[in-house]
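Single-letter residue listing:
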Amino acid sequence: MRAETELRAALAGVLAVAAGVATGELVAAVVSPYASPYQAVAAFLVDQAPAFAREWAIDTFGTADKPALMVGVGAALLLLAVVAGIVQVRRPPWGVAVVAVFAGFGIVAALTRPTSEASFLLPPLTAGIVAGVVLVVLCAGSRTAPSEGGWNRRQFLTAAALVGAASAASTLVARQLSRAGDVLAERRRLVLPAPASPAEPIPAGATLQIEGATAFVTDNADFYRIDTALQVPRLSNRDWRLRVHGMVDDELTLDWDDLLAMTMTERVITLTCVSNEVGGDLAGNARWLGVPMRDILDRVGVSDDADMLLSTSVDGWTSGTPLAAVTDGRDALLVIGMNGEPLPLEHGYPVRQVVPGLYGYVSACKWVTDWEITRFDRAQAYWTERGWGVRAPIKTASRIDRPAPLSTQPAGRVLVAGTAWAQHRGISAVEVRVDDGPWRPAQLAEQYSIDTWRQWTFDWDAAPGQHTLYCRATDGAGRVQPEQRVAPIPDGATGWHSRVIRVADGQSG
Ligand SMILES: Nc1nc2c(c(=O)[nH]1)N[C@H]1C(S)=C(S)[C@@H](COP(=O)(O)O)O[C@H]1N2
Ligand SMILES: [Mo]
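The structure displayed is predicted, hence computed values, not measured ones.

**Describing the overall build of the protein**
So, step 1. Counting secondary structure elements, the protein contains eleven helices and 19 strands.
So, step 2. Along the three orthogonal principal directions, the C-alpha set of the protein runs to about 90 × 70 × 45 Å.
So, step 3. Expressed as a percentage of the 509 residues in the protein, the buried residues total 50%.
So, step 4. Pairs at least 24 apart in sequence give 75% of the contacts found in the protein among residues at least 6 apart.
So, step 5. Approximately 22,700 Å² of the protein is accessible, and the part contributed by carbon and sulfur atoms is 57%.

Written out as structure tokens, the structure is:
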């Protein structure tokens, strides 16, 4: 085959797949905000990925793991497109077969999403048909030998430009259609009710203002975000329902007005992700407004045999929470407000859960719409199906926040500061060790509650040279944080955080 034919074939493949994807997104935008075949394929891959692949992705890309996945899917599609074009010109109709296989994969992905409806078949199906037709036409026009009846260069480029422009236009229209701006506007207009039981005010002594230290309350914009949602669900409070069923006396379905009619409680609670590494920042502290989850359980009458609350989000994610943790008197909340605002969309708008003392994946279901009262020996949740621990109380953790790693400090007094947490047990001590020296007590900020983290400081009389600082905390039950390093999977990391600091020669600071 001539070089120009190859080039045309590759371009024909790319344009055909682009036209298919663009059509799929356009049809999806009409069908449902969750019907995008592109998103479905990416989400399918996330759900099927083994635990080590998830670990690797979080390690390698951090919080950019979602964009990285989307780019990866795009790159795979591009490669497929080039292959389909070349195969179609060399051995028609095998290029179309390649496209059909991928459209089939898109259909499987779209139909197996937890939120799927039969109509979700349409976007990948039309995508496949459009890609196939465009591929046949452009590849026929790619033949450059005069005897083969192909197009001349100008004809080919004109056709290519037309297909490209149509794809770009339909992508733009799809984006416009699916931008459900109303939910954002609804959230902006929303006025939260006042709590009948407000949070204790935060005393000055609990919130140290030290440069480089972690703030006691985390701003919404800085709050860590962890979830499997490639598209943040856009659920209007008008459409929100919580269906409570399973091992109960009376099923119950709450809507937004029902929820607002209940007694609102406000509490400051620190949330932590099980994937947090030693010294990591997948933890945040906020003032949450919501309804005690127990009040809802009281209304349905829970069977004595039940021990698990299986919560499902609007996008099909699930968490399994021990019922005991919801009913033992701790402030487990069905939350609508975060730091005085309605929940940000990415933190679960309109309604999520927050349960003090449990890692997020077993308790903090965002966009929650369904509660099944069940038993741990009958049901499993999203991450426990994938090898993570079933019951996951938060392990005691402490972290050095300042000075910055590998920074150079003047010799003399250096203020070290950090954060420690052991939610629902509280922190009773933090100690700091310099190199192989003795453990010495850090000064603790005032305890706000056993459900929140606690700041600490340590006055270090720093001698010149390079030093390693270590910290460890003791929880409210008197248990010292263990030294042994354990990876986050299956139920949370352990080990002491350390940080290397350089101290310059010269006079004290
Ligand atoms: N619907 C849904 N809720 C979810 C998750 C999720 O993937 N989907 N992830 C959980 C995990 S693992 C954590 S640590 C917390 C994080 O909450 P945040 O993103 O508001 O910090 O949400 C939990 N709730
Ligand atoms: Mo998490």
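**Digging into the sheet that holds strand β10 (residues 368–374)**
Strands belonging to one sheet form pairs held by backbone hydrogen bonds; the direction of such a pair is parallel or antiparallel.
So, step 1. Reading across from one edge, β2-β1-β10-β5-β6 is the order of the five strands in this open sheet, with mixed pairing throughout. With partners counted over all chains shown, the strands left at the sheet margins are β2 (252–255) and β6 (318–322), one partner each. Shown here is a sheet whose adjacent strand axes are inclined to one another by a mean of 20 degrees, direction ignored.
So, step 2. Of the strand pairs in this sheet, strand β1 (residues 241–246) and β10 are connected by four bridges, and their pairing is parallel.

**Let's talk about the packing of helix α1 (residues 3–31) against helix α4 (residues 65–90)**
So, step 1. Look at α1 against α4: their axes get within 7 Å of each other, and the N-to-C directions meet at 125 degrees. When the axis of α1 is compared with that of α4, the two are oblique. Every pair of crossing elements has a handedness; the one defined by α1 and α4 is right-handed. Between α1 and α4, the contacting residues are Thr 5, Glu 6, Ala 9, Ala 10, Gly 13, Val 14, Val 17 and Val 21 on the first element and Leu 77, Leu 78, Leu 80, Ala 81, Val 82, Gly 85, Ile 86, Val 89 and Arg 90 on the second.
So, step 2. When its residues are assigned to classes, the contact of α1 with α4 shows twelve nonpolar, three polar and two charged.

**Here's the deal with the site of ligand 1**
So, step 1. As a matter of local geometry, ligand 1 sits amid 19 residues, with Tyr 224, Thr 228, His 347, Arg 352 and Lys 366 nearest to it.
So, step 2. Contact between ligand 1 and Arg 352: an oxygen atom at 2.7 Å from a side-chain N or O atom of the residue.
So, step 3. Ala 364 has a polar backbone atom sitting 3.0 Å from a nitrogen atom of ligand 1.
So, step 4. About the coverage of ligand 1: the protein hides 99% of its 530 Å² of free accessible area.
So, step 5. Residue classes in the shell around ligand 1 are distributed as ten nonpolar, four polar and five charged.

**What to know about the UniProt feature "transmembrane region" (unreviewed entry) in the protein**
So, step 1. Look at the UniProt record and you will see "transmembrane region" (unreviewed entry) annotated at residues 68–87, 94–112, 124–144 and 156–174.
So, step 2. What you have in residues 68–87 is 100% helix and 0% strand, and the ends, taken at the C-alpha atoms, are 29 Å apart.
So, step 3. Taken as a whole, residues 156–174 contains 100% helix and 0% strand, while its terminal C-alpha atoms sit 27 Å from one another.

**Quick notes on the packing of helix α2 (residues 37–48) against helix α5 (residues 94–111)**
Any two packed helices are characterised by the angle at which their axes cross and by the distance between the axes.
So, step 1. Interhelical geometry of α2 versus α5 gives an angle of 75 degrees and a closest axis separation of 8 Å. As judged from the angle between their axes, α2 and α5 are roughly perpendicular. Seen from α2, the contacting residues are Ala 40, Val 41, Phe 44 and Leu 45; seen from α5, they are Phe 105, Gly 106, Val 108, Ala 109 and Ala 110.
So, step 2. Residue composition of the contact of α2 with α5, grouped by class: eight nonpolar, one polar and no charged.

**A look at the environment of Ala 411**
So, step 1. Tracing the sequence through the fold places Ala 411 in the loop between β12 (408–410) and β13 (412–421).
So, step 2. On the basis of relative accessibility, which here comes to 6%, the residue Ala 411 falls in the buried class.

**Re empty space enclosed by the protein**
So, step 1. One pass over the full model with this rule turns up three cavities of 30 Å³ or more.
So, step 2. The wall of the largest cavity is formed by 21 residues, among which Asn 276, Glu 277, Val 278, Ala 397 and Ala 493 lie closest to the centre.
So, step 3. Among the elements that line the lining of the largest cavity, the one with the most residues is strand β11 (residues 397–402), at three residues.
So, step 4. Across the lining of the largest cavity, the residue classes tally to eight nonpolar, ten polar and three charged.
So, step 5. Inspection of the lining of the largest cavity shows a minimum of three residues originating in each of domain 2 (204–386) and domain 3 (397–504).
So, step 6. The space that makes up the second largest cavity amounts to roughly 50 Å³.
So, step 7. If you go around the second largest cavity, the residues you meet are Met 308, Ser 319, Gly 320, Tyr 361, Val 362, Phe 376, Ala 381, Trp 383, Thr 384 and Val 390.
So, step 8. Here the residues of the lining of the second largest cavity are counted per class, giving seven nonpolar, three polar and no charged.

Analysis parameters
Residues numbered from 1 in each chain as written. Chains lettered and ligands numbered in written order. Predicted model: local features only at pLDDT ≥ 70, side-chain atom pairs only at ≥ 80, totals over all residues. Heavy atoms only, no water. Helix = DSSP H or I, 4+ residues; strand = E, 2+ residues; numbered from the N terminus. Buried < 20%, exposed > 50% of the residue type's maximum accessible area, 1.4 Å probe, protein only. Contact = heavy atoms within 4.5 Å. Areas by Shrake-Rupley, 256 points an atom, 1.4 Å probe, with all protein chains shown as cover. Pairing = 2+ DSSP bridges. Axes fitted to C-alpha atoms, helices over the stretch in contact; angles between N-to-C directions. Parallel < 35°, antiparallel > 145°, perpendicular 65-115°, else oblique. Left-handed = near helix turned anticlockwise from the far one by under 90°. Nonpolar A, V, L, I, M, F, W, Y, C, P; charged D, E, K, R; others polar. Near = heavy atom within 4 Å. Polar contact = N/O pair within 3.5 Å; in protein donor to acceptor, adjacent residues only side chain to side chain. UniProt positions renumbered as here; feature names shortened; annotations may be inferred. 1 Å grid on protein atoms, 1.4 Å probe; cavity = no way out; pocket = protein on both sides within 12 Å on 5 of 7 lines; lining within 4 Å. Points joined across faces, edges and corners; volume = space filled by probe spheres on them. Domains from an automatic or database assignment.

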